[in-house]
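This is what each chain is made of:
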Amino acid sequence: MFQNTKCECGHQNPVGTVLCEACGKPILESEAKSNEVLEMRYDGMARRSQRSNPNIIDRIWNFFSSVKIAVYMIVFTLVGSMLGTIYPQESTFLNIDPSVYYKETYGQLGHIYYLLGLSHTYESWWFILLLVLIGASLVICSLDRVLPLYKALNKQKIRKHTQFLTRQRLVYQGSIEEAPEDWIKKAVTPLKKKGYRVHTQGDALLAEKQRFSRWGPYVIHIGLIIFLLAVLARGLPGLNLDEHVAFPEGEIKKIPNTSMYLKNEQFNVEFYSEEEVPEQFRNLNKTVPKLFETKVVLYECTADCSDLSKKPQLAEVARHDVRVNHPLNYNGLKAYQFDYDLTPTIRSVTPDLVNTKTGEVYGAIKIDMVDTQKTFEAGPYELTVKEKFMDFGLDENGQPKSKSPSPNAPAFLFLIKGPNLPEEGIQYLYFAKQIDKQRFQQDAINQQLIGAEIPLQLEVDSMDKVDIIQSVSYLNIRVDKAMPFVWVGAGIVMLGLVMGFYWHHRRIWIRFDDQQLTLGGHTNKNWFGFRREVAAVLKQMNLEVEEKSLDNGGTKHEFIGFQQRRIYRSFLSLLCRILFIWCCGNGQKMEQS
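Let me sum up the structure you'll find in this document. (Residues numbered from 1 in each chain as written. Predicted model: local features only at pLDDT ≥ 70, side-chain atom pairs only at ≥ 80, totals over all residues. Heavy atoms only, no water.)

### Concerning the overall build of the protein
- The helix and strand tally for the protein stands at 13 helices and 25 strands.
- For the protein, whose C-alpha radius of gyration is 39 Å, the value lies well above the compact-globule estimate of 25 Å for 593 residues.
- Seen through its C-alpha atoms, the protein measures out along the principal axes to roughly 130 × 60 × 50 Å.
- A burial count over the protein gives 44% of its 593 residues as buried.
- Sequence-distant contacts, at least 24 apart, represent 63% of the contacts inside the protein between residues at least 6 apart.
- A distance of 14 Å separates the average location of the 69 positive side-chain charges in the protein from that of its 66 negative side-chain charges. (Helix = DSSP H or I, 4+ residues; strand = E, 2+ residues; numbered from the N terminus. Rg over C-alpha atoms; globule rule 2.2 N^0.38 Å. Buried < 20%, exposed > 50% of the residue type's maximum accessible area, 1.4 Å probe, protein only. Contact = heavy atoms within 4.5 Å. Lys, Arg positive; Asp, Glu negative; His and termini not counted. Charge placed at Lys NZ, Arg CZ, Asp CG, Glu CD.)

### Side note on helix α12 (residues 527-540)
- Taking 1.5 Å of rise per residue, 14 residues should cover 20 Å, and α12 covers 20 Å from first to last C-alpha, within 8% of that figure.
- Buried residues of α12: Trp527, Gly529, Phe530, Arg531, Glu533, Val534, Ala535, Val537 and Leu538, and no others.
- Backbone geometry just downstream of α12 places asparagine 542 in the positive-phi region, at approximately 65 degrees. (Expected span 1.5 Å × (residues − 1).)

### Describing the pattern of salt bridges
- Using the criterion set out here, one finds 22 salt bridges in the structure.
- Measuring nitrogen to oxygen at the nearest pair gives 3.0 Å for the salt bridge that ties arginine 347 to glutamate 251. Of the two residues, arginine 347 is situated in strand β11 (residues 345-349) and glutamate 251 in the loop between β4 (240-248) and β5 (252-254); the sequence distance between them amounts to 96 residues.
- The shortest N-O distance in the salt bridge between glutamate 316 and arginine 319 comes to 2.8 Å.
- Here glutamate 316 falls in the partly exposed class, since its relative accessible area comes to 44%.
- Among the charged side chains, a salt-bridge network with shared partners connects Arg159, Asp203, Arg511 and Asp513. (Salt bridge = Lys/Arg side-chain N within 4 Å of Asp/Glu carboxyl O.)

### Observations concerning the state of the cysteines
- For the coordinates displayed, the defined rule picks out one disulfide.
- With its sulfur 2.1 Å from that of its partner, cysteine 301 forms a disulfide with cysteine 305. Disulfide cysteine 301-cysteine 305: the torsion about the S-S bond is -115 degrees, which places it as left-handed.
- Here cysteine 9 is not disulfide-linked; the sulfur of cysteine 7 is the nearest cysteine sulfur, at 3.7 Å. (Disulfide = S-S within 2.5 Å.)

### Observations concerning the nonpolar core
- Core analysis: the largest hydrophobic core is formed by 27 residues, its most contacted members being Trp183, Leu205, Ile508, Ile510 and Leu519.
- For this core, the secondary-structure elements that each account for two or more residues are β1 (170-175), α7 (180-193), β3 (204-209), β24 (506-513), β25 (516-523) and α12.
- For this core, the leading source of residues is α12, giving six residues.
- Setting aside anything within four residues of it in sequence, one finds leucine 519 in contact with Leu165, Leu170, Val171, Tyr172, Ile508, Trp509, Ile510, Val534 and Leu538.
- Counting residues in hydrophobic clusters, the runner-up holds 25 residues, among them Ala378, Tyr381, Ala432 and Ile454. (Core = buried A, V, L, I, M, F, W, Y, C linked by side-chain atoms within 4.5 Å.)

### A few points about the side chain of aspartate 391
- Among the secondary structure elements, aspartate 391 is positioned in the loop between β16 (381-389) and β17 (392-394).
- Although buried, aspartate 391 forms no salt bridge, and the nearest oppositely charged side chain, lysine 403, lies 4.5 Å from it.
- A polar side-chain atom of aspartate 391 sits 3.1 Å from a polar atom in the side chain of asparagine 408.
- Excluding residues within four positions of it along the chain, aspartate 391 makes contact with Lys401, Ser402, Lys403, Ser404, Ser406, Asn408 and Ala409. (Polar contact = N/O pair within 3.5 Å; in protein donor to acceptor, adjacent residues only side chain to side chain.)

### A word on the sheet that holds strand β8 (residues 313-323)
- A sheet is described by the order of its strands in space; here four strands give the open sequence β5-β6-β7-β8, paired in antiparallel fashion. Pairing within the sheet leaves two strands with one partner each, and these edge strands are β5 and β8. Direction aside, neighbouring strands of the sheet carry axes that sit 25 degrees apart on average.
- Sheet topology places strand β7 (residues 289-303) next to β8; ten bridges connect them, and they run antiparallel. The residue of β8 that forms the bridge with cysteine 301 is leucine 314. (Pairing = 2+ DSSP bridges. Axes fitted to C-alpha atoms, helices over the stretch in contact; angles between N-to-C directions.)

### Section: the packing of helix α3 (residues 67-83) against helix α5 (residues 125-154)
- It is the contact of α3 with α5, at a shortest axis distance of 10 Å, that shows an interaxial angle of 155 degrees. Looking at the two axes, α3 sits roughly antiparallel to α5. Between α3 and α5 the crossing geometry is left-handed. Every residue of α5 that contacts α3 at Val67, Ala70, Met73, Ile74, Phe76, Thr77, Gly80 and Ser81 is listed here: Trp126, Phe127, Leu130, Leu131, Leu133, Ile134, Ser137 and Arg145.
- Partitioning the contact of α3 with α5 into residue classes produces eleven nonpolar, four polar and one charged. (Parallel < 35°, antiparallel > 145°, perpendicular 65-115°, else oblique. Left-handed = near helix turned anticlockwise from the far one by under 90°. Nonpolar A, V, L, I, M, F, W, Y, C, P; charged D, E, K, R; others polar.)

### Looking at the packing of aromatic side chains
- Evaluation of the coordinates by the stated rule reveals 24 aromatic pairs.
- Centroid distance tyrosine 87 to tyrosine 106: 4.2 Å. Interplanar angle 25 degrees. Geometry classified as stacked. One end of the pair, tyrosine 87, is in the loop between α3 and α4 (98-115); the other, tyrosine 106, is in helix α4, and 19 residues separate them in sequence.
- The exposure class of tyrosine 106 is partly exposed, given its relative accessible area of 26%.
- Aromatic side chains phenylalanine 431 and phenylalanine 440 sit 5.3 Å apart centroid to centroid with 5 degrees between the ring planes, which places their arrangement in the stacked category.
- For phenylalanine 440, a relative accessible area of 19% translates into the label buried.
- Clustering of aromatic rings is evident, with ring pairs tying together Tyr87, Tyr101, Tyr102, Tyr106, Tyr113 and Tyr114.
- The side chain of lysine 160 reaches across the aromatic face of phenylalanine 164, ending 5.0 Å from its centre. (Phe/Tyr/Trp six-rings, centres within 6.5 Å; stacked < 30°, edge-to-face > 60°. Lys NZ or Arg CZ within 6 Å of the ring centre and 35° of its normal.)

### What about empty space enclosed by the protein?
- Within the structure shown, the criterion is met by two cavities of 30 Å³ or more.
- Considering only enclosed or pocket space, the largest cavity measures out at about 90 Å³ in volume.
- Looking at the lining of the largest cavity, the elements with two or more residues in it are α5 and β24.
- Considering only residue class, the lining of the largest cavity consists of six nonpolar, two polar and six charged.
- Taken as a whole, the second largest cavity spans an internal volume of roughly 50 Å³.
- Taken together, Trp183, Ala187, Leu191, Ile508, Ile510, Leu519, Val534, Val537, Leu538 and Met541 form the lining of the second largest cavity.
- Residue composition of the lining of the second largest cavity, grouped by class: ten nonpolar, no polar and no charged. (1 Å grid on protein atoms, 1.4 Å probe; cavity = no way out; pocket = protein on both sides within 12 Å on 5 of 7 lines; lining within 4 Å. Points joined across faces, edges and corners; volume = space filled by probe spheres on them.)

Just geometry here; none of it tells us what the structure is for.
Encoded structure:
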């Protein structure tokens, strides 16, 4: 149906306009006949979400621009966040099998909690989708409201329609004996003293101050959008790293997903003496560490970083003594002291290849537990590593397997070729630890593998040929490139809150019809202070007015809209607090033994 939006003042308004953009007269017939206070939230400007014949894009726009829908999405997200706090999240542990842990620890309810995916709530697709929807709602809500408001405030006319003034919440009408133009000129001075910017046009006046406060909610929205984007970006590769890495003493190790390497030069630990042990630990019959620190050197790879056939070229960039609460910090990469292990482990062993009959030594080979060579040569013999077991064990079928990646019981299966051996060579299983040779009966296994007596043996005749790792330091490596943007977003939110709470947009319109003065006033907050201010200005113009007589009442729509915005911002604030705490505390992990 065609709607005539042309005002009697001659201005053609866009479809959906409630108040004329020029004179402020109500466009709709129902509004023109009403005596209720005008809805001034966007000065009656047309908004896209209020189109009478919306298309599919408009319907999507209307959905996301609704404050009610936004509140529902925030409530769903808050409920999801609360469900995620019933039991600890998987990300708070280092070494658990969640499919087993939750059932064993919390029973059937814990198992159901795991099956529903609530054990990783904050990384789940539905939680991330809710955050994306809230972000989309923030963007569309802001655009739907801020653009009409900007146009309205930048197109303000000085002379407004009488009905526009008399239907403001603050109204004064009276007769003036003085010439209207002279009275207007005199009113400029007291208004400017109150901080107003005054514009006049003959016998009409517009006074306005603190317009910037109207942008406070939208500044908050900008901050929240940056905040949500930063939270979502933490899940992208390269922007966030939170790894617990073991660094054996004396070794250089690559930091995962970076071009950085870190060396544990030395690990030191001091324990409390019996006299120094705190009271709560005395009955535990265990040593309590007083101080443990790792002297580290940080390197950056400068060449051959991704070429596995070459040794990477490293340049030292930082040194630091890492202690609890004293991390290494280099260009956003942080290394925190997390734990340590003083159990000695083998780094490498250098056995001799010996003829079992004659005792002849053909040569020595150096076997590194981690970076093990594929082939070795000892005199005329060639040894090829076929299998490596860092923690030797047997599966249910009696087949060898490695129970863990730690070198607790390292074993190597070699294929040896050379003189006086079958053409296809012989298989030889070698245990690096003497105790494992006896525990797993190395000689008996090798006799079965060869099918005859063992012609060659790998032997270590001195502890000088065994390189022992005295300790292992566990460091928590963190890189969070998105966290600064979380802080920026939070700072912008605070700026918007200050703008909106501590300043108030106030406007006063005055017009004369012959000698009849009509004054209308509007503010977005603190009506009592505004009423007192207008009464003081009128008093300086020799018009004694009771403050309460200026009150023209409020509107039901105004109250409902205020309550909706209040609920919306309260829920949004609560959600942001939860996400902020999660961002800041996400690295607080526990080790499950």
